[in-house]
Amino acid sequence: MTVVTEQPLLLPVQPPQSVQIELTSKCPLQCEMCFAASGPQGTHGTMTRTEWLAVITEAAALDVPLVQLLGGEPTVHPDWIELTEHALTLGRRVEVYSSLYKIHERWWEVFARKDVSLATSYHSDNPDEHDRITGKPGSHQRTRANIQEAVRRGIPLRAGIVEVLPGQRVTQARDDLVGLGVTKVRIDRSRAIGRAAATAAPDASELCGRCGRGRLAVLPDGSVAPCVMSRFMPCGSVKNGSTLAEILNSPSWREAVERVPVRAQDPCDPDCNPGLDGADCAPAEQEACDPAYEDIPDKK
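A brief look at the structure comes next. Position labels on residues start from 1 in each chain and follow its written sequence. Owing to the predicted nature of the model, reporting of local features is limited to residues with pLDDT of at least 70; listing and counting of side-chain atom pairs is limited to 80 or more, with chain, interface and lining totals taken over all residues. For the side-chain quantities, the full set of heavy atoms in the structure was used; hydrogens and water were omitted.

Brief notes about the packing of aromatic side chains
Part 1 of the argument: Ring pairs shown here join Phe, Tyr and Trp side chains whose ring centres sit within 6.5 Å, with only the six-membered ring taken for Trp; geometry is labelled stacked below 30 degrees between planes, edge-to-face above 60, and tilted in between. Scanning the entire structure with this criterion turns up three aromatic pairs.
Part 2 of the argument: Plain terms: the ring middles of Trp80 and Phe111 are 5.6 Å apart, the flat faces sit at 25° to each other, and that makes the pair stacked. Within this pair, whereas Trp80 is found in helix H2 (residues 80–89), its partner Phe111 is found in helix H3 (residues 107–111), the two being separated by 31 residues in sequence. For the pair Trp80 and Phe111, one class covers both residues: buried. The way it works is that DSSP assigns letters per residue, a run of H or I at least four long becomes a helix, a run of E at least two long becomes a strand, and they are numbered from the N terminus. Only protein chains enter the calculation, and the probe is 1.4 Å; a residue is then buried if its accessible area is under 20% of its type maximum, exposed if over 50%, and partly exposed in between.

A closer look at the pattern of salt bridges
Part 1 of the argument: Whenever Lys or Arg places a side-chain nitrogen within 4 Å of a carboxyl oxygen from Asp or Glu, that contact is recorded as a salt bridge. Going through the model one piece at a time under the given rule, you end up with 13 salt bridges.
Part 2 of the argument: The partner of Glu149 in a salt bridge is Arg152, with the nearest N and O atoms 2.7 Å apart. Residue Glu149 and its partner Arg152 are both found in helix H5 (residues 139–152); the two are separated by three residues, about one turn of the helix.
Part 3 of the argument: Between Arg153 and Glu149 there is a salt bridge, with the nearest N and O atoms lying 2.7 Å from each other.
Part 4 of the argument: The exposure class assigned to Arg153 is partly exposed, which follows from its relative accessible area of 33%.
Part 5 of the argument: Residues joined by salt bridges that share partners form a network here, namely Glu105, Glu149, Arg152 and Arg153.

Set out below in structure tokens:
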């Protein structure tokens, strides 16, 4: 009689501390450097409400502390509030990465809940320059006003600035954010991924070095990648019956993470997560991970 012993489940190189839920590629903006190439013509993909709920449940079972909802613009997805509440019920923290272009009054109550925070992208203190980057006239005025409102309500907020244009008013944008009361600001360069890659094939050398090391991403089609920025390196899919644990312990996951360059000095902090409309490791431009967020001293 042959006795079959169950093989122990191998743990990933580094347990994930965040899961990036890319709900949609639909967005009212069309930023020049968007890692997901999202825009008004984008779609919600093929993931169903039930499948997204299951992903969050699996992430909680893996003890992933942070669920980040992004896109595209996550708030255009019809289930984003239910998914937020589901994650909170499971004891997870939730960050909504929004352009803050259009916020319904009732949403502020969701953002103000315990363990919920906001992240956004801010491109310039100059309205014309900001709107040129987003491709949406009036976007600067709306985003800035909603940043002010979030700060007024005491909602935790971080902001990313991505340098896209020659001579862009990056420093002035940072100063403007600080003046508005934002205490976490990141500045990064545009990464040649998504829309910013133009015709070039995406390359792992453009990544910040954190992809797959403490994070994972699930894309609108169910594909799982080391992060939304490394979407060109899918390691499996939750649509074919695979669990997050199985994907994290698969050879394809380890091979993908090994492709991500390890930086001599890690510029990222644990907060580093992708953006939503751009090309860095986490903002809409995708906030890339260098440099780390700058904590602005409290002047009180």
